[in-house]
Amino acid sequence: MRLIHTILDHYKKPRVLGLDLLRITASLSIIGFHGNSSVFLGKNLAFQVLGNNGYLAVDIFFVLSGWLLTRQVLRMRSSFTSGWAFAWRFWTRRWARILPPYVLVLIVLFLFGNALLPHLHRDPVLLSSLTFPQLVVHSLFLQTLFPPNALGVSWSLVTEEWFYLLLPLVVLLLLPRLRRWQMVMGLGCVVLLIPAVVRVIMLATGDRASIVYTPQARFEGLVVGSLLAAASLGAPWWETQVIARRRLLFATGLVVMLPILLAGISHSWAFNVFGLLGFSLCLGLLMPLLSQLRWPQHAPVTAVIAVAYLSELTYPLYLLHMFRPTFSTTSSVGLAVVFAVLLLLAATVLHLGVERPFLALRDRFDTRRTAWKEPAVAAAPPVAERPAVWPLPAVSPRASG
């Protein structure tokens, strides 16, 4: 009973409702896209838009990661006297969250892929068994540099992993030289254009198909989220100009997003170059409102727990949803329902049996390390006396582990 109460208490903690809903929407969109949902839902205009653009849900995760982790990194940096200690703290926290479920899925593909995969609908580009050398490559997140990628959807995880590695280095080595927020925003805007330039080069060489899953052509969502996060902590106009207009920005983002999604049906040259960038920018316009959206004070506890749980289940769902049977006709509805239930159960096992225990170990280790270093921290100079990159506010209710 104590374990059950501990788990329930975890999901009752304050969360940012808007970001949880955005994360759940992205997860369900990706599952529907890869699950060929048009078989059951028809091929009208609405589902042509969703069916052709379902891969854009990855950009939602990128904007979320850029927002959450950049805010986390900037706050962490202000609390460490040693830069490299801060970087290692961030990296180990990320690895404790990402690696255990991911490596377990890779081991399953390595040990049982040849027996398991023939019974599933699969494109060898998206899902295939692993040899031992490939297992090593995938474990180091190098599968997009050294293909083939046996778990096709992991290209986005590779992109995020590169972001995890570079973000503390940027904060540690570059931001101290960019003391004004205008310089940070300017540099970010330059970096934001790099994926579009890469896509132009890929289109010019006839490499249109791989644009969708090439990390260096799709990472602008991370930059958008990071720029917004940096502005939210360092720009003097954030509260008065952005938060004050969050509803207008949200409505503008939705309105502009619609024609971009309609253009995405054709996958034209203009959409591949500018539409992908525009979609990430539209997502950025949604963030000021969604980052402020909290649960009402008297919200039902069951609803709070359900949304929080589904939000934290998105990573296991992402790793497991490619293990699916064939859905080719409407007669497969029953099979799809069974698969959905099994997928939810498997993701629950991966989350509660692997992900959450490692997160608990991570948090326990952090608590012990903080207690062990407490005298040294107390003897350190006050934060105000140390050089700071950003004037950081107090930490708001959690939205990510």
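As the structure is a prediction and not an experimental result, all values here were calculated from the model. (Residues numbered from 1 in each chain as written. Predicted model: local features only at pLDDT ≥ 70, side-chain atom pairs only at ≥ 80, totals over all residues. Heavy atoms only, no water.)

### Notes on the overall build of the protein
Each helix and strand counted, the protein has 17 helices and zero strands in total. Here the protein holds 401 residues, and 47% of them are scored as buried. As displayed, the protein offers around 19,900 Å² of accessible surface, 72% of which is attributable to carbon and sulfur atoms. (Helix = DSSP H or I, 4+ residues; strand = E, 2+ residues; numbered from the N terminus. Buried < 20%, exposed > 50% of the residue type's maximum accessible area, 1.4 Å probe, protein only. Areas by Shrake-Rupley, 256 points an atom, 1.4 Å probe, with all protein chains shown as cover.)

### Some remarks on unusual backbone geometry
What is expected of a backbone is that most residues other than glycine have negative phi and most peptide bonds are trans. With omega at 15°, the peptide bond leading from Pro147 into Pro148 counts as cis. With respect to the helices, strands and loops of the structure, Pro148 is situated in the loop between helix H7 (132–139) and helix H8 (155–174). Its identity is not glycine, yet Phe141 carries a phi of approximately 60°, on the positive side. Topologically, Phe141 is positioned in the loop between H7 and H8. One non-glycine residue, His267, lies in positive phi territory at about 55°. Within the element layout of this structure, His267 appears in the loop between helix H13 (246–263) and helix H14 (269–290).

### Side note on the packing of aromatic side chains
Enumeration over the complete set of coordinates arrives at ten aromatic pairs. Centroid distance Phe62 to Trp155: 6.0 Å. Interplanar angle 90°. Geometry classified as edge-to-face. Here Trp155 lies in helix H8 and Phe62 lies in helix H5 (residues 57–78), a separation of 93 residues in the sequence. Take Trp155: its relative accessible area is 7%, and that puts it in the buried class. Ring centres of Trp91 and Trp95 lie 6.4 Å apart, and the angle between their planes is 20°; this geometry places the pair in the stacked category. In this pair, Trp91 and Trp95 are both assigned in helix H6 (residues 83–116), four residues apart and thus about one turn of the helix distant. (Phe/Tyr/Trp six-rings, centres within 6.5 Å; stacked < 30°, edge-to-face > 60°.)

### Digging into the packing of helix H11 (residues 220–234) against H14
Close contact between H11 and H14 brings their axes to 9 Å; oriented N to C, the two are set at 30°. Judged on the interaxial angle alone, H14 and H11 are roughly parallel. In the crossing of H11 with H14, the sense of the turn from one axis to the other is right-handed. In this structure, H11 contributes Glu220, Gly221, Val224 and Leu228 to the contact, and H14 contributes Leu276, Leu277, Ser280, Leu281, Gly284 and Met287. Looking at the contact of H11 with H14 residue by residue, the class counts come to six nonpolar, three polar and one charged. (Axes fitted to C-alpha atoms, helices over the stretch in contact; angles between N-to-C directions. Parallel < 35°, antiparallel > 145°, perpendicular 65-115°, else oblique. Left-handed = near helix turned anticlockwise from the far one by under 90°. Contact = heavy atoms within 4.5 Å. Nonpolar A, V, L, I, M, F, W, Y, C, P; charged D, E, K, R; others polar.)

### Focus: the pattern of salt bridges
Counted by the stated rule, this structure contains eight salt bridges. Residues joined in a network through salt bridges with shared partners are Arg15, Asp20, Arg23, Glu312 and Arg356. (Salt bridge = Lys/Arg side-chain N within 4 Å of Asp/Glu carboxyl O.)

### A closer look at the environment of Met287
Here Met287 shows up in helix H14. Met287 gets classed as buried once you look at its relative accessible area, which sits at 0%. Taking the C-alpha atoms as reference points, Met287 and Leu19, 268 residues apart in sequence, are found 8.2 Å from one another. Not counting chain neighbours up to four residues away, the residues in contact with Met287 comprise Leu19, Leu22, Val63, Leu64, Trp67 and Leu228.

### A word on H14
Look at H14: 31 Å from first C-alpha to last across 22 residues, which is about the 32 Å you get at 1.5 Å a residue. Along H14, the helix axis deviates most sharply at Gly275, where the bend reaches about 40°. Of all 22 residues making up H14, 17 are buried, and the element is well covered by its neighbours. (Expected span 1.5 Å × (residues − 1). Bend = angle between axes of the 7 residues up to and from the residue.)

### What about H13?
For the α-helix, the turn length of 3.6 residues means that residues three or four positions removed from each other point alike. Taking 1.5 Å as the rise per residue, H13 with 18 residues should run 26 Å; its terminal C-alpha atoms sit 26 Å apart, in good agreement. The complete set of buried residues in H13 reads Gly253, Met257, Ile260 and Leu261.

### Some words on the side chain of Ser27
With respect to the secondary-structure elements, Ser27 resides in helix H2 (residues 17–34). Given the relative accessible area of 5%, Ser27 is considered buried. Residues contacting Ser27, with those up to four places away along its chain left out, are Phe61, Thr314 and Leu317.

### Points about the confidence of the model for the protein
Residues of the protein with pLDDT of at least 70 account for 81%, and the chain-wide mean is 83. Note that pLDDT drops below 50 for residues 374–401; the model gives that stretch 55 contacts with residues more than four away or on any other chain. (pLDDT = per-residue confidence, 0-100.)

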